[in-house]
Amino acid sequence: MSQTATVQHQEAHAHDDHHHDQSFLSKYIFSVDHKVIGLQYMFLGLLMAALGGFFAYAFRMQLAFPGEAVPGFGVVSPAEYNMMITNHGTIMIFWVAMPVLIAAFGNYLIPLMIGCDDMAFPRLNRLSIQVFFVSILVLLLSYFVEGGGFGGAWTSYPPLSSVAEYSLTNWGSSLWLLAVTLEIVAFLIGGVNFLTTTMNSRAPGMKMTDVPILVWTINIAVIMFMGSVGPLVAGAVMLFMDQRLGTTFFLPSAGGDPVLWQHLFWFFGHPEVYVVLFPAMGVVAEIITTFARKKLFGYRAILYTIIATGALSFIVWAHHQFIAGIDPRMANIFTVTTVLISVPIAEMLFCYIATLYGGSIRYELPMLWAVAFLVTFLVGGVTGIPLGSSGTDLFFHDTYFVIAHFHYTFFPIAIIAMFAALYFWYPKMFGRHMNKTLGLIHFWGTVIFFNGLFMPLFLLGMAGQHRRIYNYQHFPDLASADLQGIRIFATTSLVLLLLFQIPFVWNFFSSMFTGEKAEANPWKANTLEWAAPSPPPHGNFKELPVVYRGPYEYSVPGNREDFWPQHMPDRN
Amino acid sequence: MSMQGPIATGRCATGIPSARLAVWWLLASEVFIFGGLIAVFLLYKFNGAPGMEDASLTVTWAGALNTFVLLTSSLTIVLAHDAAEHGDGHKAFKFTWITIAGGLIFMCVKAFEYYSKISHGVGFTTNIFWSFYFTMTGLHALHVMGGMIIMGLVSFDVRKGRNLQRTELVGLYWHFVDIVWIFLFPMLYIANF
Amino acid sequence: MLDYFMPQASTFSGDVDNVFLMIVWVVGFWFVLTLATLAYFMIRYRHREGVKASYVTGEKHSENKWIHYPHYVIILCDVVLIAGSIMVWVNVKQTLPPKDDTIRVIGQQWSWAFIHSGPDGQLDTEDDISTVNDLHVEVNKVYHFELQSRDVLHNFSVPAFRLKQDMIPGRTITGWFEATQVGTYDVQCAEMCGHGHGIMGGSITVHTPEDYQRTMEAIKNGTYESDYLKRLENDPIPIAAKRPQVSQNTVNAGEENLVSSN
Ligand code: HEA
Ligand code: HEA
Ligand code: CUA
Ligand SMILES: [Cu+2]
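A brief structural summary.

What counts as what
- Residues numbered from 1 in each chain as written.
- Chains lettered and ligands numbered in written order.
- Predicted model: local features only at pLDDT ≥ 70, side-chain atom pairs only at ≥ 80, totals over all residues.
- Heavy atoms only, no water.
- Helix = DSSP H or I, 4+ residues; strand = E, 2+ residues; numbered from the N terminus.
- Buried < 20%, exposed > 50% of the residue type's maximum accessible area, 1.4 Å probe, protein only.
- Areas by Shrake-Rupley, 256 points an atom, 1.4 Å probe, with all protein chains shown as cover.
- Lys, Arg positive; Asp, Glu negative; His and termini not counted.
- Charge placed at Lys NZ, Arg CZ, Asp CG, Glu CD.
- Donors = N, O, S within 2.8 Å, 3.2 Å for Na, K, Ca; no water.
- Tetrahedral: all angles 85-135°; square planar, octahedral: opposite > 155°, others 65-115°.
- Axes fitted to C-alpha atoms, helices over the stretch in contact; angles between N-to-C directions.
- Left-handed = near helix turned anticlockwise from the far one by under 90°.
- Contact = heavy atoms within 4.5 Å.
- Nonpolar A, V, L, I, M, F, W, Y, C, P; charged D, E, K, R; others polar.
- Buried area = accessible area lost by both parts, 1.4 Å probe.
- Salt bridge = Lys/Arg side-chain N within 4 Å of Asp/Glu carboxyl O.
- Polar contact = N/O pair within 3.5 Å; in protein donor to acceptor, adjacent residues only side chain to side chain.
- Core = buried A, V, L, I, M, F, W, Y, C linked by side-chain atoms within 4.5 Å.
- 1 Å grid on protein atoms, 1.4 Å probe; cavity = no way out; pocket = protein on both sides within 12 Å on 5 of 7 lines; lining within 4 Å.
- Points joined across faces, edges and corners; volume = space filled by probe spheres on them.

Observations concerning the overall build of chain B
Thought 1: Across its full length, chain B carries six helices and zero strands.
Thought 2: Beginning at the N terminus, the succession of helices and strands in chain B can be written as α-α-α-α-α-α.
Thought 3: If one aligns the C-alpha atoms of chain B with their principal axes, the spans along those axes are about 60 × 30 × 25 Å.
Thought 4: Across the 193 residues that make up chain B, the buried fraction comes to 53%.
Thought 5: With an accessible surface of roughly 8,700 Å², chain B has 73% of that area assigned to carbon and sulfur atoms.
Thought 6: For chain B, the distance from the average position of its 11 positive side-chain charges to the average position of its 10 negative side-chain charges is 8 Å.

As structure tokens, then:
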């Protein structure tokens, strides 16, 4: 205790002499402050979400009304259709899910939640966002080179992606690949920073088991990302050389092996889906404990299941390739590992649900989003099983059943959990509350029409409708009027879904100036970020906190209050 | 930021300096990149991709020489680190530059190899093996050059007795570059089956 | 369940559907159970004035047994699902029943070439009969197919048969099917293969033996008109007029009207 006191003293002293006013540029553009960088990631991510959403609008309209001119876009040619789905997928995963969930909230919250004033390497952090920004520019540039943007699907299987004569997008393919690689580099840089910060910069007294789940999940996600992305980077280098230098790594006619790319891609691609899942799970954990006023059910159990899932996810990748021409005997092994993943994930979800048991639940906006996440993600999870079992995937592969499955996982993660986090930490970030009525409109609109959008796609999938088709007229069985009716229904829901984003955008920006002021700890939560003023000043805390207990001590018997902040020395 | 920097940078909950941790994590992610490349190469080799037998055409003695050079330079950087530990900036400076010289020799031999290959019309696209050869050694060479530059930058501070610990960090990185080569050498130069 | 949307036109389509049905029931049970619990807790434990939340850590066995016991059951369910699906998989993809006839399917950007072995039942003989986008088979006969690709990856997919298999340039991938219902069904390309992936359709017609002979004759003496085109014509979607014309016999069919339209 005494030694922490001295730490306090030195740190408080060290503290003062890096407060000083900065110019606009150094404050908002080239800032090294983790909060500013986090917000930069968030705004870039939301803008990209709008772009990805716009692509989705354009190609869904084309599917509902083939050949008609799409308002705001025009007639969609097959080339454009492929380009839009490809970039829709790439953007939503690499430029929305990862930056918002991991980079934005990671950068903003990790230092606050572990009770220090910044990342361990602020300049490294700035480098990361700059590389990320460049990657966006490269991606946008790829739409305007002649031949147009890359249209070979976000999986970019060679030889289509490696030979310009086949893809007909010579530079589009290369720029797309370059952009993705840059984005990966940005995250590797940022990841190193996250890990080091969490390991070393924790507040005095904060044990590993006092670290909030969100910080854990983000760091585990980063480690998984590092472990899975390496081979893909190697593969990307090879693919790039195939495109530009004429090597033949993936070209069968010259002894290359196209299926190898698929292994490299999915060895990354499957862990990647959990890389984005875990931070979302972390967000939800923080929220449900806060609003149920309950200690998280089985902190350790949740950690173990997350680690178990992470480990398992490295040996399931070929479930994307059951019928891709791999040795059929391999499929059996991967079926086993894939279906078994349901066990740890089920445990995770059960722990979350058990957390509600005996609680005193207040349904504020963040809580509503968190619950919506659990429900919708469950749908996505269970529909993964018929895909995971080879015997049915040999039919479902590349049908809209897959599309529906992963939108029922990705949408809850990248959009619903993202909104949950936004509504939860908005008061901290901007010192004001968002308008609740608008929030409710946004919530119900989004959740209802999200289901209206993707439920029908399960049916289309079961009817054998396959993916990445700009117009089903060439497949008479799929061109029937009632299937077309289902498509129109889905698209209508999408349009409504997008309209219901308007109240959010308005709410989001106007509340920054007119929302009611929020005090430091509006939700009466335990974790350290709520010990800082809202919005936290440069340097975060008035006095750097010392940690005395775990993050989820709610409704502890013998306390007057039903929450017990981590930094509070004595009973509350 | 003031010279002081944020407190986060100074903290050390694990007892391992943040800088060293960061370098370790960086190398970890590098390991997976080279690991992936190497794994892919072996896959092709065992599936008998065309041209793999060309491994016999690589200049084995040059590779061996380079292995020797790199190992020695690894030793000298250790000596530099040791000197830095004892606060002897000048000695550390000297050994760092000997290491850089080692890197330079390595690059010259590489350049000679590349030249002799390309002048015989063997290049990137000759066949899968040569594609791998140039990709892997090229990527590695880039890392060598990067290391040399960083060591150069660090060394001058070190001579003035500032940031001595950085000698250790570049040392870690240099060992990694070295180890990668230890893997590449037998695969590309010796194992020609 | 799937047969509600599509005929079960091959020997193994029934098996696939049944496994799916089983999965739906097993997983559906857990799905409902989980949701029900969630809903119950949400209502039962909503905030009420003066009621304080209880303090449960979930670390004690007496508490977390509620999480652990379901697990053994889930693992059990998993084993059942895995067993069921692997049985189907082995039957469809890992075994090759003795063949009655062979066909070769060649994919290219963006059309299908089907090579029927002709009377002698041998491929690569001069009596082979090749068609574009129209595949003809006899009912209740075991066919072995050889998948090949001229350029990029394609995927030979017949939903009515529950059949899907990637086609890889430089390789020949063999598989089998046995049609059980006379009729004409879609052949889809189910692997992204470039701008024209969306027009790479075809149809497979399952004939009675004599009907099959008649069709083959027609193809030989050029009087045959394509089932695929016929089906495209009476396309129920009203906007059929806007369809880019797919020329039937050129490689890269219809590429010209696929590149950007504005
Ligand atoms: C974050 C995103 C995310 C998540 C979490 C998941 C989770 C899972 N996914 Fe999904 N998946 C994707 C994103 C995701 N997926 C994407 C993007 C694709 C398509 C890529 C492309 O081709 O473009 C894809 C495709 C995909 C395929 C390939 C389909 C194909 O192309 O042929 C498969 C096959 O195995 C699969 C399986 C699974 C499984 C088994 C899970 C499991 O993790 C689910 C586990 C969860 C549960 C099972 C629910 C909770 C458990 C219970 C309620 C207990 C009861 C359950 C049982 C008794 C089994 N997914
Ligand atoms: C995180 C991942 C993610 C998300 C969120 C989405 C969201 C959506 N996706 Fe997509 N999708 C993919 C990942 C994702 N998708 C992937 C990986 C593929 C495969 C690509 C391939 O085949 O190669 C795919 C493919 C895909 C297809 C298949 C195309 C085909 O194969 O032919 C379809 C078809 O309907 C589709 C539709 C949609 C729709 C309608 C949405 C809607 O939910 C979108 C709604 C948009 C929003 C909700 C964002 C609104 C904006 C904001 C909230 C920000 C506010 C703005 C400011 C503050 C500035 N997606
Ligand atoms: Cu051929 Cu898609
Ligand atoms: Cu997967």
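Anyway, onward from the coordinates.
A short note on the coordination of the iron atom of ligand 2
Residue and element names in this part refer to chain A.
Thought 1: At the metal site, the iron atom of ligand 2 is ligated by His88 (NE2) and His407 (NE2), and these contacts range over 2.0 to 2.1 Å.
Thought 2: One way to put it: the six donor atoms around the iron atom of ligand 2 meet at angles of 87 to 179 degrees, and that makes the site octahedral. Pair noted here: His88 is in helix H4 (residues 78-113) and His407 is in helix H16 (residues 400-430), with a separation of 319 residues, a long-range link. No difference in accessibility class separates His88 from His407, as the two residues are buried.

Overview of the coordination of the copper ion (ligand 4)
Residues and elements named next belong to chain A.
Thought 1: Each protein donor to the copper ion (ligand 4) is listed here as His270 (ND1), His319 (NE2) and His320 (NE2); together their distances run 1.9 to 2.1 Å.
Thought 2: For the copper ion (ligand 4), all donor residues lie on one chain, and their spacing in sequence is H-x48-H-H.
Thought 3: The distance between the copper ion (ligand 4) and the iron atom of ligand 1 comes to 4.4 Å.

Considerations on the packing of H4(A) against H16(A)
Pairs of packed helices are described in terms of their axes, by the angle between the two and the distance that separates them.
Residues and elements named next belong to chain A.
Thought 1: Relative orientation of the contacting elements H4 and H16 amounts to 35 degrees, with a least axis distance of 11 Å. For H4 against H16, the interelement crossing comes out left-handed. Residue-level contacts link Tyr81, His88, Ile93, Ala97, Val100, Leu101, Phe105, Tyr108, Leu109 and Met113 of H4 to Tyr400, His407, Phe410, Ile413, Ala414, Met418, Ala421, Leu422, Trp425, Lys428 and Met429 of H16.
Thought 2: The residue inventory of the contact of H4 with H16, partitioned by class, reads 18 nonpolar, two polar and one charged.

What about the interface of chain B and chain A?
Thought 1: Listed by partner, the interface residues are 37 residues for chain B and 51 residues for chain A.
Thought 2: Here chain B and chain A share an interface that buries about 3,500 Å² over both sides, 71% of which is from carbon and sulfur atoms.
Thought 3: On inspection of chain B and its partner chain A, the count reaches zero salt bridges.
Thought 4: Between the two partners, chain B and chain A, sit 13 residue pairs in polar contact (both at pLDDT 80 or more).
Thought 5: Residue assignment for the side of chain B that touches chain A shows that the elements contributing at least two residues are helix H1 (7-10), helix H2 (18-46) and helix H5 (128-159) of chain B.
Thought 6: With 14 residues, the top contributor of residues to the side of chain B that touches chain A is H2(B).
Thought 7: When grouped by side-chain class, the residues that make up the side of chain B that touches chain A number 24 nonpolar, twelve polar and one charged.

As for the nonpolar core
Thought 1: Formed by 333 residues in total, the largest nonpolar core has its most connected members in A:Phe373, B:Tyr44, C:Phe156 and C:Phe161.
Thought 2: Ignoring any residue separated from it by four or fewer positions in sequence, one finds C:Phe156 in contact with C:Val105, C:Trp112, C:Phe114, C:Leu135, C:Leu147, C:Leu163, C:Lys164, C:Gln165, C:Met167, C:Val187 and C:Gln188.

Quick word on the arrangement of the chains
Thought 1: Taking contact number as the criterion, the leading pair out of two pairs of chains in contact is chains A and C.
Thought 2: Of all C-alpha pairs spanning chain B and chain C, none lies closer than 13 Å, and the two are not in contact.

Points about empty space enclosed by the protein
Residues and elements named next belong to chain A.
Thought 1: A full pass over the atoms with the stated rule returns seven cavities of 30 Å³ or more.
Thought 2: Put simply, the largest cavity is a space of about 110 Å³.
Thought 3: Ile102, Phe187, Gly190, Gly191 and Phe194 are, among the 16 residues lining the largest cavity, the residues nearest its centre.
Thought 4: Elements represented by at least two residues in the lining of the largest cavity include exactly H4, helix H5 (122-142), helix H7 (170-200) and helix H8 (213-244).

Observations regarding the environment of C:Gly222
Thought 1: Note on placement: C:Gly222 falls in the loop between helix H3 (209-220) and helix H4 (227-233).
Thought 2: Residue class for C:Gly222 comes out exposed when judged on its relative accessible area of 60%.

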